[in-house]
Amino acid sequence: MRRKLAAGNWKMNGLGAALDEATSLAESHANTATEAATEIVLCPPATLVREMARRCQGTAVVVGGQDCHEAASGAHTGDISAEMLADAGAKYVILGHSERRAAYGESSDLVRHKARRAWQAGLRTIICIGESEDQRQTGKTLDVIGEQLAESVPHNASGETLVIAYEPIWAIGTGRIPTLDDIGEVHEFIRAQLKARFGGDAGDAVRLLYGGSMKPDNAAEIVRVANVDGGLVGGASLKAADFGRIIDAING
Ligand code: PEP
């Protein structure tokens, strides 16, 4: 049985006052800090990681970073390492988000190196993959997904270390989502690829999230799709009330 997961990606949003949203989410979901309930992860900007982790310690809310460098330390001005995130209290890190792939030319190769480093630091990785609108319209979705998955995920992945987020680029922040059949097709394909590469048990244990305009009113139908184990949520994770409703929908 894979534990359901709701991960919130705050992106470059959130000043100190926004920490109250995390506290409020932890309070409203105080009774869900159990293995049976959906796991809740919030990924704020790096400036808020330590304080959010402190405030949410012992609650259902776990904290993650939004990216990390592939090196442990060194002359990399402006970057943050997996070790630093872990030291600040993070348990997860998002890697290969399409915004980073697009804005900074991050390749799947680089994402794989970052993931290896994150695992060494004891972080779980949420690796994002997804096709562009043009790729979907020209029938290349599964080719793109297969290639990104193969190249972004290091060897010896397991359900303990790896979460995959399928995020169609054209669905992020647009209010548009694929059909449920299309989501199901991609998730089934990812599951099959993981099982073929890592073996049936390990491939089955990796959680697969859907991401892209997941909202309180569409989360329930999306997570009913086979092989969808939860969501990676951007805009709707900024407010505890909205994210809380998504978590409740994922909980079922
Ligand atoms: C994201 O950027 O990971 C995302 C899913 O964003 P949104 O939910 O705002 O579409």
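What comes next concerns the included structure. (Residues numbered from 1 in each chain as written. Predicted model: local features only at pLDDT ≥ 70, side-chain atom pairs only at ≥ 80, totals over all residues. Heavy atoms only, no water.)

Here we look at the pattern of salt bridges
Alright, step 1. Taken as a whole and judged by the stated rule, the model has 22 salt bridges.
Alright, step 2. Arg 2 serves as the salt-bridge partner of Asp 229, at 3.0 Å between the closest nitrogen and oxygen. Of this pair, Asp 229 sits in the loop between helix H10 (219-223) and strand S8 (230-233) while Arg 2 sits in the segment before strand S1 (5-9); the two residues are 227 residues apart in sequence, bridging distant segments of the chain.
Alright, step 3. With a relative accessible area of 4%, Asp 229 lands in the buried category.
Alright, step 4. When salt bridges with common partners are traced through the structure, they connect Arg 2, Arg 191, Lys 195, Asp 204 and Asp 229 into a single cluster. (Salt bridge = Lys/Arg side-chain N within 4 Å of Asp/Glu carboxyl O. Helix = DSSP H or I, 4+ residues; strand = E, 2+ residues; numbered from the N terminus. Buried < 20%, exposed > 50% of the residue type's maximum accessible area, 1.4 Å probe, protein only.)

Details of the packing of helix H1 (residues 19-28) against helix H11 (residues 240-251)
Alright, step 1. Axis separation between H1 and H11 bottoms out at 9 Å; the angle between their running directions is 35°. Of the two elements, H1 crosses H11, and the hand of that crossing is right-handed. Side by side, H1 and H11 meet where Glu 21, Ser 24 and Leu 25 of the first sit next to Ala 240, Phe 243, Gly 244 and Ile 247 of the second.
Alright, step 2. The class makeup of the residues in the contact of H1 with H11 is 4 nonpolar, 2 polar and 1 charged. (Axes fitted to C-alpha atoms, helices over the stretch in contact; angles between N-to-C directions. Left-handed = near helix turned anticlockwise from the far one by under 90°. Contact = heavy atoms within 4.5 Å. Nonpolar A, V, L, I, M, F, W, Y, C, P; charged D, E, K, R; others polar.)

Thoughts on H1
Alright, step 1. Burial in H1 covers these residues: Leu 19, Ala 22, Leu 25 and Ala 26. Taken around the axis of H1, the buried residues stretch over an arc of 120°, which confines them to a single face.
Alright, step 2. Along its buried surface, H1 packs onto strand S2 (39-43), helix H2 (46-56), strand S3 (61-65) and H11. (Arc of directions from axis to C-beta.)

A short note on the site of the ligand
Alright, step 1. The environment of the ligand is formed by 15 residues, the closest being Lys 11, His 97, Glu 167, Gly 173 and Ser 213.
Alright, step 2. Within the contact set of the ligand, an oxygen atom lies 2.9 Å away from a backbone nitrogen or oxygen of Gly 235.
Alright, step 3. Considering the ligand on its own, with 290 Å² of exposed area, one finds that the protein chains cover 97% of that surface.
Alright, step 4. Each residue belonging to the shell around the ligand can be placed in one class, and the counts come to 4 nonpolar, 8 polar and 3 charged. (Near = heavy atom within 4 Å. Polar contact = N/O pair within 3.5 Å; in protein donor to acceptor, adjacent residues only side chain to side chain. Areas by Shrake-Rupley, 256 points an atom, 1.4 Å probe, with all protein chains shown as cover.)

Considering the packing of aromatic side chains
Alright, step 1. Tallied over the full model, the rule gives 1 aromatic pair.
Alright, step 2. With a centroid separation of 6.3 Å and an interplanar angle of 65°, the aromatic rings of Tyr 166 and Tyr 210 are classed as edge-to-face. Here Tyr 166 is found in strand S6 (residues 162-166), whereas its partner Tyr 210 is found in strand S7 (residues 207-211), with 44 residues between them in sequence.
Alright, step 3. Residue classification places Tyr 166 among the buried residues on the basis of a relative accessible area of 0%. (Phe/Tyr/Trp six-rings, centres within 6.5 Å; stacked < 30°, edge-to-face > 60°.)

A short note on the layout of surface pockets
Alright, step 1. There is about 530 Å³ of room inside the largest pocket.
Alright, step 2. For the largest pocket, the lining is made up of 19 residues, of which Lys 11, Met 12, Gln 66, Asp 67 and Arg 100 are closest to its centre.
Alright, step 3. Ranked by the residues each element gives to the lining of the largest pocket, the list is headed by helix H4 (residues 98-104), at 4 residues.
Alright, step 4. Partitioned by chemical class, the residues of the lining of the largest pocket number 9 nonpolar, 5 polar and 5 charged. (1 Å grid on protein atoms, 1.4 Å probe; cavity = no way out; pocket = protein on both sides within 12 Å on 5 of 7 lines; lining within 4 Å. Points joined across faces, edges and corners; volume = space filled by probe spheres on them.)

So, to be careful, I would describe these as geometric facts and stop short of saying anything about function.
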